[in-house]
Amino acid sequence: MTALKRNWFRKEAPKSKDAPDLFSELKKEITPIRKQGEAPTKDPGSFARYICDLCSTPHAVSELRQCVLCGRWGCENCWKEEFYTCKSCAGIIKIHSIRGKD
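Described in the following lines is the structure provided in the data block. (Residues numbered from 1 in each chain as written. Predicted model: local features only at pLDDT ≥ 70, side-chain atom pairs only at ≥ 80, totals over all residues. Heavy atoms only, no water.)

1. Description of the side chain of His-59
On the secondary structure map, His-59 appears in strand β2 (residues 58-59). Among the polar contacts made by the side chain of His-59, one reaches the side chain of Thr-57 at a distance of 2.7 Å. For His-59, the contacting residues outside a window of four places in its chain are Arg-49, Tyr-50, Cys-52, Leu-64 and Cys-75. (Helix = DSSP H or I, 4+ residues; strand = E, 2+ residues; numbered from the N terminus. Polar contact = N/O pair within 3.5 Å; in protein donor to acceptor, adjacent residues only side chain to side chain. Contact = heavy atoms within 4.5 Å.)

2. What about the nonpolar core?
In this structure, Leu-26, Ile-30, Cys-67, Leu-69, Cys-70, Trp-79, Cys-86, Cys-89 and Ile-93 together form the largest nonpolar core, which totals nine residues. Every residue in contact with Leu-26, bar those within four places of it in the chain, is listed here: Leu-69, Ile-92, Ile-93 and His-96. Core analysis: the second largest hydrophobic core is formed by six residues, Cys-52, Leu-64, Cys-75 and Cys-78 among them. (Core = buried A, V, L, I, M, F, W, Y, C linked by side-chain atoms within 4.5 Å. Buried < 20%, exposed > 50% of the residue type's maximum accessible area, 1.4 Å probe, protein only.)

3. Quick notes on the pattern of salt bridges
Side-chain pairs of opposite charge can arise where the charged atoms are in close proximity. Summed over the entire model, instances satisfying the criterion amount to three salt bridges. Between Arg-34 and Asp-53 there is a salt bridge, with its nearest N and O atoms 2.3 Å apart. With Arg-34 in the loop between α1 (22-29) and β1 (50-51) and Asp-53 in the loop between β1 and β2, the pair connects residues that are 19 residues apart, well separated along the chain. Ionic pairing is found between Lys-94 and Glu-82, a salt bridge with its closest N-O pair at 3.7 Å. Taken together, the residues span a long stretch of sequence, with Lys-94 in helix α2 (residues 87-101) and Glu-82 in the loop between β5 (79-80) and β6 (85-86) at a distance of 12 residues. Overall, the relative accessible area of 38% leaves Lys-94 in the partly exposed class. (Salt bridge = Lys/Arg side-chain N within 4 Å of Asp/Glu carboxyl O.)

In structure tokens:
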């Protein structure tokens, strides 16, 4: 029995193997702040809180998310749901997307 190919969700033609994808381009451009899975910086003023890398406010670790591009830990205010990255990297993605439309 052969597997069925489902192209229902494909909206654009497949990219050539020579053209770099956006994620690879961004990883080359963005300097990593810390490695993936590396813990956020502890808040020296409290026992169980950690520092948001962007706004430097203390939060519980459950309130922070790690950016997949730069590794920064960001709180809800410093997070961009649209790209699921920190606001710093989201700005770079936005610039790339504007540049790509020209």
